[in-house]
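Here are the chains, one letter per residue:
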Amino acid sequence: MLITDRQWKDTGMARDIDVNSLEGAMGRIQSNWIWFLAFGLGLVLLGLVAFANLFVTTLATIFMLGILMLAAGIAHIVLAIRGRNSSRFWVWLVSGLLYAAAGLLVIVNPLLASAVMTLFIALALLVAGVARLCVGLGSSAGREKIWFIASGVLTMLTGLLIATGWPVNSLWVVGLFLAVDLLIQGFAYASFGLALRTTK
């Protein structure tokens, strides 16, 4: 299939427009490096505050989870009422009532909810660790096999530590996970902002 000069020029112009648009977008991102840095430092500050108050952070996290579950339950109930002629009316209604009841239980008794969530985290880490260990043992690649096995063992040990300290550690485990996540995300955003600044 022959391409005419007109088609070739149109293709080149489109490519130039795409390149210019990409360069413009990158330029706008680089010019806002300070916002990425500020956002990252803000997350780091929140992470440090969370580290200093793990019990309060745990309760606040559980309480917010209860509010979200209650809101989701109310939304399900409203949708069920609006679609009461649907064949799935009772499914939406029952699921909404369960969501709302669970949310109210979490709000009323956050300590119990924290204990349940901590136990769930421990079990999830144990299962994930066993799965990674099985993948590593079944892998034929040398370096990847070692990393998978090490990751699986570390994840299993973390789950075992949380499980053996349950339910006492349920007062701070959820807050610890949130604090660590805030710090990691904060350092990532701050590093990204500094990287944008140096490439300007």
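Read on for an overview of the structure. These numbers were taken from a predicted model, which means no experiment stands behind them.

**As for the packing of aromatic side chains**
- Scanning all chains against the criterion turns up three aromatic pairs.
- A ring pair is formed by Phe36 and Phe192, whose centres lie 5.1 Å apart and whose planes are at 85°; its orientation type is edge-to-face. With Phe36 in helix H2 (residues 33-52) and Phe192 in helix H7 (residues 173-198), this residue pair connects regions lying 156 residues apart in the sequence.
- Ring centres of Phe39 and Tyr189 lie 4.9 Å apart, and the angle between their planes is 90°; on these two criteria the pair is classed as edge-to-face. Residue Phe39 is located in helix H2, and its partner Tyr189 is located in helix H7; the two are separated by 150 residues in the primary sequence.
- Tyr189 sits in the partly exposed class, given a relative accessible area of 32%.

**What about the environment of Gly175?**
- Note that Gly175 resides in helix H7.
- For Gly175 and Ala50, which are 125 residues apart along the polypeptide, the C-alpha to C-alpha distance reads 6.8 Å.
- Those residues in contact with Gly175 that sit more than four places away from it in its chain are Leu54, Thr57 and Thr58.

**Examining the side chain of Thr57**
- Inspection of the secondary structure puts Thr57 in helix H3 (residues 54-82).
- In this structure Thr57 comes out as buried when scored by relative accessible area, which is 11%.
- Here Thr57 is in contact with Ala50, Gly175 and Leu178, once residues within four sequence places are set aside.

Each value, and the rule that gives it
Sequence order as written defines the numbering, with residues in each chain counted from 1. For this predicted model, a pLDDT threshold of at least 70 governs which residues receive local features, and a threshold of 80 or more governs which side-chain atom pairs are given and counted, while totals over whole chains, interfaces and linings are taken from all residues. Only hydrogens and water are removed before side-chain values are computed, so all heavy atoms of the structure are retained for them. The criterion for an aromatic pair is that two Phe, Tyr or Trp rings (for Trp, the six-membered ring) have centres within 6.5 Å, with stacked assigned to planes under 30 degrees apart, edge-to-face to planes over 60 apart and tilted to the rest. Working definition: helices are DSSP H or I runs of at least four residues, strands are E runs of at least two. Numbering for both runs from the N terminus. A 1.4 Å probe rolled over the protein chains alone gives each residue an accessible area, and that area as a share of the maximum for its type sets the label: buried under 20%, exposed over 50%, partly exposed in between. Should any heavy atoms of two residues lie within 4.5 Å, those residues are counted as being in contact.

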